[in-house]
Amino acid sequence: MSPTTATEDERLPQPVAGEIDLVTVLHALGDPVRMRLLLSYADGAEHSCDPRSLGLDHLHKSTVSHHMRVLREAGVTTTRVAGRNRFVSLRRADLDTRFPGLLDALLTSAPAPA
C-alpha cells in the first residue's frame, strides 16, 4: 500500500483558480471574523478548525464553521479532509496569480489580532 497523499477527493468543494471572483472575495473578507481568519491563515500553514487555536474561542463552533465555509466557497481558502478532521489553508498562490497585490494590501492594512 502506498503512502497517503492529498487528492482532490480529500478537498471540500471550492472554485477553481480561474473562477475566483474579486467581488466574492472582497465580500467574504468584509467581515471582521473572516479577516481575523485571513490573518491566521497568512502564515502559510494548515490550521485545524478548533476555534480556540484560531483565537475565536468566544464564538460557537458552528459560527466559526460558517465563516470558514464562506472563505472556502469564495476561493480564499482550501480545506483538506483527513478522517473526521479538517485542515484549512490560504490559497495564497491562486489569489496572488488572480489578483496580484491584493493579499499583501489586505494583510498590511489589517489591524493585528488582539
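Keep in mind that this is a model prediction, so the values were computed, not measured.

**A closer look at the nonpolar core**
The nonpolar side chains of soluble globular proteins are, as a tendency, buried together. Counting residues in each nonpolar core, the largest one holds 27 residues, and the members touching the most others are Val-25, Leu-29, Leu-38, Tyr-41, Met-68, Val-76 and Leu-95. Residue assignment for this core shows that the elements contributing at least two residues are helix H1 (22-28), helix H2 (32-41), helix H3 (61-74), strand E3 (85-90) and helix H5 (102-109).

**So, the environment of Ser-48**
Its place among the elements puts Ser-48 in strand E1 (residues 47-48). The exposure class assigned to Ser-48 is partly exposed, which follows from its relative accessible area of 28%. Along the backbone, Ser-48 and Arg-86 are 38 residues apart, and their C-alpha atoms lie at a distance of 6.1 Å. Non-local contacts of Ser-48, meaning those with residues more than four positions away in its chain, are made with Ser-53, Leu-54, Met-68, Arg-86 and Phe-87. Here the side chain of Ser-48 touches Ser-53 through a polar contact of 3.4 Å, side chain to side chain.

**A look at the environment of Val-25**
When you line up the elements, Val-25 lands in helix H1. Look at Val-25 and you get buried, because its relative accessible area is 1%. For Val-25 and Glu-73, which are 48 residues apart along the polypeptide, the C-alpha to C-alpha distance reads 9.1 Å. When sequence neighbours within four positions are dropped, the list of residues in contact with Val-25 reads Ile-20, Ala-74, Val-76, Leu-95, Phe-99 and Leu-102.

Conventions adopted
Numbering of residues starts from 1 in each chain and follows the order in which that chain's sequence is written. Per-residue local features of the predicted model are confined to residues with pLDDT of at least 70, and side-chain atom pairs are confined, for both listing and counting, to 80 or more; whole-chain, interface and lining totals are unaffected and use all residues. Values shown for side chains rest on all heavy atoms present in the structure; no hydrogens or waters enter the calculation. Only buried residues count toward a nonpolar core. Its members are Ala, Val, Leu, Ile, Met, Phe, Trp, Tyr and Cys residues joined through side-chain atoms within 4.5 Å. Burial classification: accessible surface area is computed with a 1.4 Å probe over protein chains only, and a residue below 20% of its type maximum counts as buried, one above 50% as exposed, and the rest as partly exposed. Helical segments are the DSSP runs of H or I of at least four residues, strand segments are the runs of E of at least two, and each set is numbered from the N terminus. Any pair of residues with heavy atoms lying within 4.5 Å of one another is described as a contacting pair. Pairs of N or O atoms within 3.5 Å make up the polar contacts considered here, provided that, within protein, one atom can donate a hydrogen while the other can accept it, and that residues adjacent in sequence are counted only when both atoms are side-chain atoms.

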